[in-house]
Amino acid sequence: SDIQPLLNQGVRREDVAGSIFYAVVNQTIAGLAQSREIKGNVLYLGGPLTFYPYLREAFDKTLGLKGTCPANSLYYAALGAAFSPAAKPVFPGELAKKYTAPDAGWPHCPPLFANREEYEAFKKRHEADSAGIAFADGPEGEMFLGIDAGSTTVKAVLCDSRGRLFFPMYMQGGGDPVGHVREYLSRLYREYPGIRIGGSAVTGYGEQIIQNAFAADMGVVETIAHFTAASRFCPEVDFIIDIGGQDIKCFHIRQGGVDSIFLNEACSSGCGSFLQTFAAVLGFSPEEFARKALFADRPVDLGSRCTVFMNSSVKQAQKDGASLENISAGLAISVVKNALYKVIRCADPSRLGQHIVVQGGTFLNDAVLRAFEQETGKEVLRPSVSGLMGAYGAALYAMAHRPEKSSLCGPEELERFEHKVSSAVCGGCSNHCRLTVNAFSGGRRFIAGNRCEKPLRLQSAQKPLDLYEYKYSLLEEYQKGEVVPDRINVGLPMGLNMYELLPFWHTLFRELGFNPVVSGRSDYGLYISGQHTIPSDTVCYPAKLLHGHMERLIAMKPEIIFYPGMSYNVEENRGDNHYNCPVVAYYPRLIEANVKIPPEIRYIDRFIGLADRKGFAPRFVRLMKEEGFALSAGAVKKAAAAAFREYDGFMQKVKDKAAEFLKEAEKDKRPVIVLAGRPYHVDPEINHGINTLICQLGGAVLTEDSVADLAEPVDTTVLNQWTYHARLYTAAEWAARQSERINLVQLVSFGCGVDAVTGDEVRAILESRGRLYTQIKIDEITNLGAVKIRLRSLFAVARDKLAK
């Protein structure tokens, strides 16, 4: 799900291949070694390290050593077994000859079809549903082109003014959407030289690159394209689910417009490519594999687990004697369960709607379609052109928004068409984005990989209203590294709660006569530098970055590194308590256990809180005394008062700027997004420029803490005991009470267990007032293709509701 959008944006295959090798290295170091440093004489064994010299090179570069791949490296495990003095036969020869696999059975689901007659009736019903879909025999008048450059496939179709389909194309993307669309257009012009194109629209992951490559007239977000096609097929539709190659899109329709949207997250386990991969592994085409599922007698119950665990479940089912037919049927059922229970989170199928349209190439698989009907207990509508619905919707959109004259490349320009790809690193700011530059004939360009508009050299008509950028700029004022001679240097790691408490600690130590030294700005290289000390790959990315910040501080050689444990946060009286989450509260102790801090640097990770402002000073005096630093009570009391004033002032500046941005957004009628997360989400390395993307789409960005005071504390259905979460809930309550121009988007970290709770609660708060809930999961990955689809969908729905 990360690789395919990159290929669709034109990223070189060589770069993608190289990144895959480095991903294996990083998984090994951060996920498997789990802070056990890999050093010394390293042997490279096994198939991948034997056959891929670039993988060995990636390990060498990352580990800073030269490993050895010995002769016969493939057979070391077998040689070890043979040479082991403890080796002994497990099965004596006679027992081995008599061994047979046990018929243990396996957990299974009901069959998809009881018999062939039931299947034939099912087919006829769905064929009748598509009776109204008409195809044109040839071009008639102006034709309108729709292109859907999806995650794994490329689709295109034309329609005439009556909506009849013509000249469809559906093929695997193969990482080259530009090449496929060029071939399609060339064939179109060749076979129908007099065709008149009245308008063209592109949708899908490859929307922008295709639009730029062939000068298509417009782009349309996928959700709107699919809704446009579905409503043409079934005007009374009230729920649409589209399962594509690597994504799932579901949305409710109320009063003729999109009302709520559900999209899968970064994992693509329950999508079409999931089935295609299994089919290929087992030696079948997707079509053959799908047919095998239809009459399976005991479909394996695989649940809706991710691909890695699903592989294990399939292998276990095979050991238990499950046939290919039962495995194929079980996989089809698992795709449906994933969509219903992981993406839609459907507790009651009756709430989906009465007129459900299912579309996307995956629903051409009759087993998936049947499983969906069985699981929901409803008869649904599947267009016979299910796989083309995105392209058809784009064609209809082009017809509804036809330009005076289409700019689409004609046959002559297509003959001279060129596509060149190059790589570059943007030097416009400290992000140093790695860019993929696609240059096309006619001087058109498409640049991928940029977090802002600087590489595009575009001048925005409106100044950005970005509270993330403003808040981070305030924090940078404390990171200028001003060092006064003959003072003790105190290192402060810029991570987790320090994104909010830095003004306090920086002021406290400065007032006490220390030099506060901050570890600075995060980047991916910083993460790599500290990954060898990460004990668990399942922790959130913000926590992983702390290891790099510690390594940087150690290299700066301060006398002290101060990173206190904090079970409690500042009391804000919004919830049942004011805890920090377990990672924020106790990560200092984990750092002590896993990072090698030189003995000459004193690491202070003692527990202290800021909730009791009066009691802070005497506790801090005791803490520092126990660490060997005698501070006067009066000096600490004075410094603490200054530190609390600085903290309060910092928080007030954020709220004042939010009020200013709200007024400007109201004046300009800009959409406003409360990009709700936690203090560390303002770090550009953590948010990956999502705030900038929102501004590029014409929105203004606020933070959850900037608006949390504007609503009363919320009565929640869960124990509301964490400060950051209480802010989320009150921010959601405030946003839910505003006009459709103001919406909340929640940032969630992979590896954050408590966000399973906050996400459901924030969703409930918003949906109780009829508002859309949008969640974006982020980690080390920086590709924003899926994020852009979510945000554009949200903006489109909000515009539609405001218009009504």
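For the structure, see preceding data.
Being a predicted model, the structure only gives us computed values, none of them experimental.

Enquirer: Provide a residue-level description of the overall build of the chain, including the pertinent values.
Expert: When you go through the chain residue by residue, the secondary structure sums to 30 helices and 20 strands. Over its C-alpha atoms, taken along the principal directions, the chain stretches across nearly 90 × 85 × 55 Å. Looking at the chain as a whole, 55% of its 804 residues qualify as buried. By element, 52% of the accessible surface of the chain is carried by carbon and sulfur atoms, the whole surface being about 35200 Å². Here the chain holds 90 positive side-chain charges and 91 negative ones, and the gap between their average locations is 3 Å.

Enquirer: Provide a residue-level description of the side chain of Ser 328, including the pertinent values.
Expert: As for its position among the elements, Ser 328 is in helix H14 (residues 324-343). A polar contact of 2.6 Å, which involves the side chain of Ser 328, links it to the backbone oxygen of Phe 289.

Enquirer: An account of the sheet that holds strand S15 (residues 560-562) is requested, with residue identities and associated values reported.
Expert: Spatially, 4 strands are ordered S14-S13-S15-S16 in an open sheet, and the strand pairing comes out parallel. The open sheet has two edge strands, strand S14 (515-518) and strand S16 (602-604), and neither has a second partner. Each strand axis lies, on average, 25° off the axis of its neighbour in the sheet, ignoring direction. As paired strands, strand S13 (residues 489-492) and S14 are joined by 4 bridges and run parallel to one another. The residue bridging Gly 491 from the neighbouring strand is Val 517, located in S14.

Enquirer: Quick rundown of the pattern of salt bridges? Include the residues and the values.
Expert: All chains considered together, the criterion is met by 45 salt bridges. Across the salt bridge formed by Asp 612 and Arg 619, the nearest N and O atoms sit 3.6 Å from each other. In this structure, the salt-bridge partner of Arg 771 is Glu 740, at a minimum N-O distance of 3.4 Å. Of the two residues, Arg 771 is situated in the loop between helix H29 (755-767) and strand S20 (774-778) and Glu 740 in the loop between helix H28 (723-736) and strand S19 (742-749); the sequence distance between them amounts to 31 residues. Using a relative accessible area of 6% as the deciding quantity, one classes Arg 771 as buried. Overlapping salt bridges bring together Glu 500, Glu 572, Arg 574, Lys 655, Asp 709 and Arg 727 as one network.

Enquirer: Lay out the environment of Gln 652 with the relevant residues and their values.
Expert: If you trace the backbone, Gln 652 turns up in helix H24 (residues 633-668). Accessibility expressed as a relative area gives 40% for Gln 652, which makes it partly exposed. Gln 652 sits 163 residues away from Asn 489 along the chain, and the two C-alpha atoms are 29 Å apart.

Enquirer: Any details on the pairing of strand S3 (residues 165-172)? Residues and values, ideally.
Expert: Strand direction decides the pairing type here: strand S2 (residues 153-159) and S3, joined by 6 bridges, are antiparallel. Directly across from Leu 158, in S3, lies its bridge partner Phe 166.

Enquirer: An account of the sheet that holds strand S7 (residues 248-254) is needed here, citing residue identities and associated values.
Expert: In spatial order, the strands read S8-S7-S6-S9; together these 4 strands make up an open sheet with mixed pairing. The open sheet is flanked by strand S8 (257-263) and strand S9 (356-359), the only strands paired with a single partner. The mean inter-strand angle of the sheet, taken between neighbouring strand axes irrespective of direction, is 15°. Here strand S6 (residues 239-243) pairs with S9 via 4 bridges, running parallel. When the bridges of S9 are listed, Ile 240 appears paired with Val 357. Seen against the sheet, H14 touches S6, S7 and S8 and runs at an angle of roughly 55° to S7.

Enquirer: Give me the lowdown on the packing of helix H19 (residues 498-511) against helix H23 (residues 613-626), citing residues and values where you can.
Expert: Relative to each other, H19 and H23 sit at 65°, their axes nearing to 14 Å. As summarised for this structure, H19 and H23 are arranged roughly perpendicular, according to the angle between their axes. Viewed along their axes, H19 and H23 form a crossing whose handedness is right-handed. Seen from H19, the contacting residues are Phe 504, Trp 505, Leu 508 and Phe 509; seen from H23, they are Phe 616, Phe 620 and Met 624. The residue inventory of the contact of H19 with H23, partitioned by class, reads 7 nonpolar, no polar and no charged.

Enquirer: So what's going on with the packing of aromatic side chains? Residues and values would help.
Expert: One pass over the structure, following the stated rule, counts 33 aromatic pairs. Look at Phe 166 and Phe 167: their rings are 5.8 Å apart centre to centre, the planes differ by 35°, and that puts the pair in the tilted class. The pair Phe 166 / Phe 167 is uniform in exposure class, with both members buried. An aromatic cluster of at least three residues, connected via ring pairs, comprises Phe 504, Trp 505, Phe 509, Phe 514, Phe 562, Phe 616, Phe 620, Phe 629 and Phe 644.

Enquirer: Could you give an account of the nonpolar core, with specific residues and numbers?
Expert: When a protein is soluble and globular, its nonpolar side chains tend to lie buried together. Core analysis: the largest hydrophobic core is formed by 141 residues, its most contacted members being Trp 505, Leu 508, Phe 616, Phe 620 and Ile 690. The element contributing the most residues to this core is H24, with 13 residues. Apart from the residues lying within four places of it in its own chain, the contact partners of Trp 505 are Leu 492, Met 498, Phe 562, Pro 564, Met 566, Ile 608, Leu 610, Phe 616 and Phe 620. In this structure, Phe 122, Ile 243, Ile 327 and Ala 339 belong to the second largest nonpolar core, which totals 48 residues.

Enquirer: Can you lay out unusual backbone geometry for me, pointing to particular residues and giving the numbers?
Expert: With a phi angle near 55°, Ala 215 is a residue other than glycine that sits in the positive phi range. If you check the backbone angles, Asn 573 has positive phi at about 60° while not being a glycine. Mapped onto the elements of the fold, Asn 573 is located in the loop between S15 and helix H22 (582-594). Given a relative accessible area of 59%, Asn 573 falls into the exposed group.

Scoring rules and cut-offs
Residues numbered from 1 in each chain as written. Predicted model: local features only at pLDDT ≥ 70, side-chain atom pairs only at ≥ 80, totals over all residues. Heavy atoms only, no water. Helix = DSSP H or I, 4+ residues; strand = E, 2+ residues; numbered from the N terminus. Buried < 20%, exposed > 50% of the residue type's maximum accessible area, 1.4 Å probe, protein only. Areas by Shrake-Rupley, 256 points an atom, 1.4 Å probe, with all protein chains shown as cover. Lys, Arg positive; Asp, Glu negative; His and termini not counted. Charge placed at Lys NZ, Arg CZ, Asp CG, Glu CD. Polar contact = N/O pair within 3.5 Å; in protein donor to acceptor, adjacent residues only side chain to side chain. Pairing = 2+ DSSP bridges. Axes fitted to C-alpha atoms, helices over the stretch in contact; angles between N-to-C directions. Salt bridge = Lys/Arg side-chain N within 4 Å of Asp/Glu carboxyl O. Contact = heavy atoms within 4.5 Å. Parallel < 35°, antiparallel > 145°, perpendicular 65-115°, else oblique. Left-handed = near helix turned anticlockwise from the far one by under 90°. Nonpolar A, V, L, I, M, F, W, Y, C, P; charged D, E, K, R; others polar. Phe/Tyr/Trp six-rings, centres within 6.5 Å; stacked < 30°, edge-to-face > 60°. Core = buried A, V, L, I, M, F, W, Y, C linked by side-chain atoms within 4.5 Å.

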